[in-house]
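Read off the chains here:
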Amino acid sequence: MFLDEFSSLLESVIATPIRLLITGDFNVHVDDCNDRDALAFLNMLDLCGLQQHIVGSTHKKGHTLDLIISRKDEDLVSSPSIHRGLPSDHHAVRCFVNIARPGLSVKHVESRRLRGVDTDAFIDDIRASPLLSAPAPDLESLVKEYSSSLTGVLNTHAPLRKRTVMLRPHAPWYSDALREAKQEKRRRERKWLKSRLSVDKEYFKDQCDLYKDLLYKAKTDYHRTQISQTDSKDLFRVVDKLSNPKVDQALPSHDCPKSLGDSFANFFADKVTRLRGSLASNVATPNVVKDCIHSFSEFSSVTEGDVFKIIKSASTTSCSLDPLPVVLFKTCLPELLSTITTIVNESLKTGVVPSSLKHAVIRPLLKKAGLDHNVYANYRPISNLPFLGKVIERVAISQLQSYLSENNLQARSQSAYRQHHSTETAILRVQNDILSALDRRKEAMLVLLDFSAAFDTIDHGMLLDRLCTRYGIKGTALNWIESYMADRTQSVLIDDVQSDPLPLSYGVPQGSVAGPLLFTLYSAPLQDVIESHGINCVFYADDSQLYLVFNPEDRDSALQKFC
């Protein structure tokens, strides 16, 4: 069957005017002149004008199985060889492919020259700005002034500039010695082009050969070290990285970034709408938990020292909505700390999240390399939020988590976003329970579930009701969470161009600090429903593991519980 299928494949490509290279493990003993399949295979290649380049056994038990095939009339393949000693039953085959190196692509970018900023002058301008000299009286105006003042100072010291950059592949083996050898090669080339002397040409050729040998040795030593220092567990990951190098994330074909951004924004919004439309709206959740006897009604004010610690411990990842890059922002933190602390405390005291901090920028990211980049369903939205908004979130969520922990209100079986809980503790719990059951001569049944777009389909009204009744969150604290989720918007960013903003009527913001905790609190009653049926469960965010231990004679009734 393989010969017939391979013959059909060759017929479909052999007539096309392309350079052809076919490689792989064919599992045909082409070195055995008495093998009928091998003779038929080689005859097929000959009739199609193809040749097979590998000579010698490529398997530890003999025979030539791994082949490199090209057209006879093309000088595409040279110096084929076999390399033994790899941790595999197949040897590696190697050759040079005579093709031109693809030209480097260019990209037009906008950037700021942050390294050239005079920090002292920058800080002096911040001190002289209206933000510090005459701050706005109310929260919304203060946040807008914070953004506009810092943006104005940044544009003065590091204005946006457009430039064209060459996209060069990253080469971890490229050393200083190689760089010097390449520079010397260029010097000798320039000298020969200027003098046109034969002796300078020979010097240039010698340096070219030397650089080629050094480059080959550097690559070989690097990959040999990578493989030799990798245990068997990670060997396939290393080999996959070598054979499938990382490529830049592609976007669907488009002429206008704005139109593509709008299409992505509508697709992500429609996906959530469709999922919510498929959910049953008339299913009531069993009330298996009584109303909370504890109460959390207001946040405590924080000091400048508290805010300083939170900002210093935060990552330096910036959002395009931030008025300053986080690295530069932390440099100016002593001058801005009082203003930021005022914003944080005012937000927590009034129960209001400023509207300018509730807009997110979305970047589409392929879920997996190799997927069709023209299919929108193959992308996941990666959300970025303003840094100042995350600072406010961290203060609020820190106090909320302390309240939940002190009163033992968090879901017992939820391992995500909790101190001393992780994927490891979740797996150990399930593994231990199942192995213990088997030791007692019982049986176990495990069901693994995963929610679709779980964070994006949360109903805000239901979440607020649950926070109030189940967790005792009331007053200003509940108003803050309601304000945090209300009137949120998001735009998709394509090539530094934003789409039209769309409202987020459901779900908790991706990429946020508060979102994960709010999701776990929202989904906690699911544990009560499962356990009310006598089924054990462990959750990690939106991944659920349901398992049941039973006697062998009760297998049918156990199956019925899951059904």
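Here we summarise the structure given alongside this text. Keep in mind that this is a model prediction, so the values were computed, not measured.

Looking now at the sheet that holds strand β14 (residues 536–540). The three strands are arranged β10-β15-β14 in an open sheet whose pairing can be described as antiparallel. Strands with a single pairing partner mark the edges of an open sheet, and in this sheet they are β10 (443–450) and β14. Each strand of the sheet is rotated relative to its neighbour by a mean of 15°, with strand direction disregarded. Examined bridge by bridge, β10 and strand β15 (residues 543–550) share eight bridges and lie antiparallel to one another. If you follow M445 over to β15, its bridge partner there is L548. On top of the sheet, helix α14 (residues 423–439) reaches β10, β14 and β15; it is set at about 15° to β15, its chief contact. Sitting on the sheet, helix α19 (residues 555–562) touches β10 and β15, and the angle it makes with β15 is about 155°.

Our next topic: a nonpolar patch on the surface. A grouping of L21, V97 and I99 is seen on the molecular surface, where their side chains present a nonpolar patch of about 240 Å² in accessible area. Topologically, V97 is positioned in strand β5 (residues 92–97).

Another point: helix α15 (residues 460–469). Those residues of α15 not exposed but buried are H460, L463, L464, R466 and L467. Viewed end-on, α15 has its buried residues packed into an arc of 160°, placing them on one side of the element. Considering only its buried residues, α15 is in contact with α16 (475–485), β13 (502–504), α17 (514–523) and α18 (525–531). A side-chain oxygen of the first residue of α15 lies 3.1 Å from the backbone nitrogen of G461; this N-cap is D459.

A few words on a negative patch on the surface. A cluster of acidic residues, E202, D206, D209 and D213, forms a negative patch at the surface. Inspection of the secondary structure puts D213 in helix α7 (residues 198–228). Judged by its relative accessible area of 51%, D213 falls in the exposed class.

Glancing now at the packing of aromatic side chains. All told, the structure shown has 18 aromatic pairs when counted by the stated rule. Ring geometry for F6 against F41: centres 5.6 Å apart, planes inclined by 25°, an arrangement best described as stacked. Taken together, the positions of F6 in helix α1 (residues 2–13) and F41 in helix α2 (residues 36–47) put the pair 35 residues apart, joining distant regions of the chain. Ring centres of F296 and F299 lie 5.4 Å apart, and the angle between their planes is 75°; this geometry places the pair in the edge-to-face category. The same class applies to F296 and to F299, which are both buried. Three or more aromatic residues joined by ring pairs form one cluster here, namely F264, F267, F268, Y376 and Y379. Stacked on the ring of Y506, the Lys or Arg R276 has its end atom at 3.8 Å from the ring centre.

Reading guide: rules and limits
Residues numbered from 1 in each chain as written. Predicted model: local features only at pLDDT ≥ 70, side-chain atom pairs only at ≥ 80, totals over all residues. Heavy atoms only, no water. Pairing = 2+ DSSP bridges. Helix = DSSP H or I, 4+ residues; strand = E, 2+ residues; numbered from the N terminus. Axes fitted to C-alpha atoms, helices over the stretch in contact; angles between N-to-C directions. Contact = heavy atoms within 4.5 Å. Patch = residues over 30% accessible without salt bridge, like charges linked within 9 Å, V, L, I, M, F, W, Y side chains within 5 Å. Areas by Shrake-Rupley, 256 points an atom, 1.4 Å probe, with all protein chains shown as cover. Salt bridge = Lys/Arg side-chain N within 4 Å of Asp/Glu carboxyl O. Buried < 20%, exposed > 50% of the residue type's maximum accessible area, 1.4 Å probe, protein only. Arc of directions from axis to C-beta. Polar contact = N/O pair within 3.5 Å; in protein donor to acceptor, adjacent residues only side chain to side chain. Lys, Arg positive; Asp, Glu negative; His and termini not counted. Charge placed at Lys NZ, Arg CZ, Asp CG, Glu CD. Phe/Tyr/Trp six-rings, centres within 6.5 Å; stacked < 30°, edge-to-face > 60°. Lys NZ or Arg CZ within 6 Å of the ring centre and 35° of its normal.

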